[in-house]
Amino acid sequence: EDGPLRHKLQECDVETRVMELSSRVVGTRKDTLGVRSLLQVSTIFRMLAYCRRLARFCQTRDIDIVHTNSLKADLFGGVAAVLARRPVIWHVRDRIADDYLPSPVVIAFRWLCRILPTHVIAISNATLETLHLPSTQATVVHDGVIDHGHSHNRDSQNKSVQSGIVEAGALIGIIGRVTRWKGQHIFLQAAAQVQQQFPQTRFRIIGASLFGEEEYQAELERMVEELGLCDCVEFTGFVPDVLDHLQELDILVHASITSEPFGLVVAEGMMAAKPVVATKGGGVLEVVQDGVTGRLVPMGDADAMAEALKELLAKPEAAHAMGRAGQKRVQEHFTIELTVNRIQQLYDTVWQRWSSSRGS
């Protein structure tokens with residue numbers, strides 16, 4: 001469907017076409033998928049018609065490689081590429097596991113992974129492990145982040161270290177869609193404990209609820225009142241660019257209660273030289289080095305999160321060192337330039353193999 005991304009792409013002189021999908025299919029969320037939703041006759045007809053349109057587009061525009069992002073795109077783009085006789089790369093950004101998706105979807109997607117895509121890109125080793133694919137059919141390419149340059153951030157952190165973030169009143173934030181599995185309720189429970197020992201600390205929840213999850217947002221707002229945090233917790237709602245908010249934070253928290261496929265916001269926080277307190281699991285374990293670039297705590301454990309935060313608040317010099325170590329790690333392993341280069345190499349490899357297999 002249409003949206004602001006199209007305008008941004010066109011501003012960069014990227015040819016962009018919007019081929020709208022049925023609103024009934026667009027509105028389907030991954031956690032509500034099931035056999036019944038996939039096997040509705042009307043839905044099947046819409047899906048097949050859409051795949052045929054995509055296939056015709058690939059043929060008339062002489063597309064060489066189809067690259068899909070997200071579960072729905074994998075399905076539509078995969079079928080369309082087969083119809084158009086084009087190689088297709090699935091970019092898998094979800095852990096295909098029972099704790100992340102309904103079981104029927106897990107079984108179906110793992111099976112389709114073996115027959116539809118020419119090659120699969122997984123955004124982390126944790127994601128790749130859930131696909132059960134041979135190494136010859138899949139490649140891990142971590143998502144990359146942009147180094148915006150953080151001279152202002154370095155100045156503010158140096159000031160924090162000199163004066164002590166305890167006295168200055170630290171700002172601790174969590175960034176992401178407001179949804180239960182992202183663990184904003186755990187963040188608030190930990191905040192209540194931190195605030196008792198460090199009463200000047202402030203907390204910020206950056207992001208908004210989507211896809212009919214407004215009740216969870218209301219639950220969080222009630223929690224703030226019940227925990228007595230009204231004077232120190234801020235909800236920003238949706239923000240188009242989180243960079244400014246990220247720069248203002250002293251500590252970034254990742255509180256997901258289900259393992260993340262990668263944890264891009266964690267890498268972004270580390271690139272901004274922020275010490276990170278994150279939950280153990282999924283792709284986050286490939287980014288954060290516990291005790292070096294941040295602290296890792298068990299998922300769903302507000303007490304452990306609070307203790308890690310209090311440790312960083314009490315030792316600002318150590319927190320600053322973690323932030324700097326995190327920035328160095330991301331600059332060496334998780335930049336957008338590395339991501340682009342690896343995907344470009346994969347394009348070349350897939351295309352060469354595809355051409356050779358057809359004798360062209």
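Before going into details, it helps to say that this report is about the structure given with it.

Calculation criteria
- Residues numbered from 1 in each chain as written.
- Predicted model: local features only at pLDDT ≥ 70, side-chain atom pairs only at ≥ 80, totals over all residues.
- Heavy atoms only, no water.
- Helix = DSSP H or I, 4+ residues; strand = E, 2+ residues; numbered from the N terminus.
- Buried < 20%, exposed > 50% of the residue type's maximum accessible area, 1.4 Å probe, protein only.
- Contact = heavy atoms within 4.5 Å.
- Areas by Shrake-Rupley, 256 points an atom, 1.4 Å probe, with all protein chains shown as cover.
- Expected span 1.5 Å × (residues − 1).
- Pairing = 2+ DSSP bridges.
- Right-handed = clockwise from strand over helix to strand, strands pointing away.
- Axes fitted to C-alpha atoms, helices over the stretch in contact; angles between N-to-C directions.
- Phe/Tyr/Trp six-rings, centres within 6.5 Å; stacked < 30°, edge-to-face > 60°.

1. So, the overall build of the chain
Regarding its fold elements, the chain presents 16 helices and 10 strands. The proportion of buried residues among the 360 residues of the chain is 49%. Counting contacts in the chain only where the partners sit at least 6 residues apart, residues at least 24 apart contribute 68% of the total. Surface accessibility of the chain: about 17800 Å² in total, with carbon and sulfur atoms responsible for 52%.

2. Quick word on the environment of Asn125
Along the chain, Asn125 turns up in helix α7 (residues 125–129). Between the C-alpha atoms of Asn125 and Leu285, which are 160 residues apart in sequence, the distance is 9.8 Å. Apart from residues lying up to four places away in sequence, Asn125 is in contact with Val140, His142 and Glu286.

3. Things to note about helix α5 (residues 71–84)
For α5, with 14 residues, the first-to-last C-alpha span of 20 Å sits near the 20 Å given by 1.5 Å per residue. Along α5, the positions that sit buried rather than exposed are Leu71, Asp74, Phe76, Gly77, Gly78, Ala80, Ala81 and Ala84. Count one or two residues on from α5 and you reach Arg85, which has phi positive near 55°.

4. Details of the pairing of strand β9 (residues 276–279)
The two faces of the sheet receive side chains in turn, since in a regular strand these alternate between them. Neither face of β9 is exposed, since Val276 and Ala278 on one face and Val277 and Thr279 on the opposite face are all buried. Note: strand β8 (residues 251–253) against β9, two bridges, orientation parallel. From the neighbouring strand, Val253 faces β9, where its bridge partner is Val277. The parallel pair β8 and β9 is bridged by helix α13 (residues 264–271), and the resulting crossover is right-handed. Across four bridges, β9 lies against strand β10 (residues 294–297) in parallel orientation. For Ala278, the partnering residue across the bridge sits in β10 and is Leu296.

5. Observations regarding the sheet that holds strand β1 (residues 66–69)
With respect to topology, four strands assemble into an open sheet ordered β1-β2-β3-β4, the strand pairing being parallel. Only two strands of the sheet have a single neighbouring strand rather than two, namely β1 and β4 (138–140). Sheet twist, expressed as the average angle between the axes of neighbouring strands with direction ignored, equals 20°. By the bridge criterion, three bridges tie strand β3 (residues 119–122) to β4 in an arrangement that is parallel.

6. Description of the packing of aromatic side chains
Considering all chains together, one arrives at five aromatic pairs under this definition. Measuring from centroid to centroid gives 5.5 Å for Tyr100 and Trp181, while their planes differ by 80°, and the two rings are edge-to-face. Of this pair, Tyr100 sits in the loop between β2 (88–92) and α6 (103–113) while Trp181 sits in the loop between β5 (171–175) and α10 (184–197), and the two are 81 residues apart along the sequence. Trp181 matches Tyr100 in its accessibility class, with the two residues each being buried. Taking 6.1 Å as the distance between ring centres and 80° as the angle between the ring planes, the aromatic pair formed by Phe187 and Phe203 counts as edge-to-face. Of this pair, Phe187 sits in helix α10 while Phe203 sits in strand β6 (residues 202–206), and the two are 16 residues apart along the sequence.

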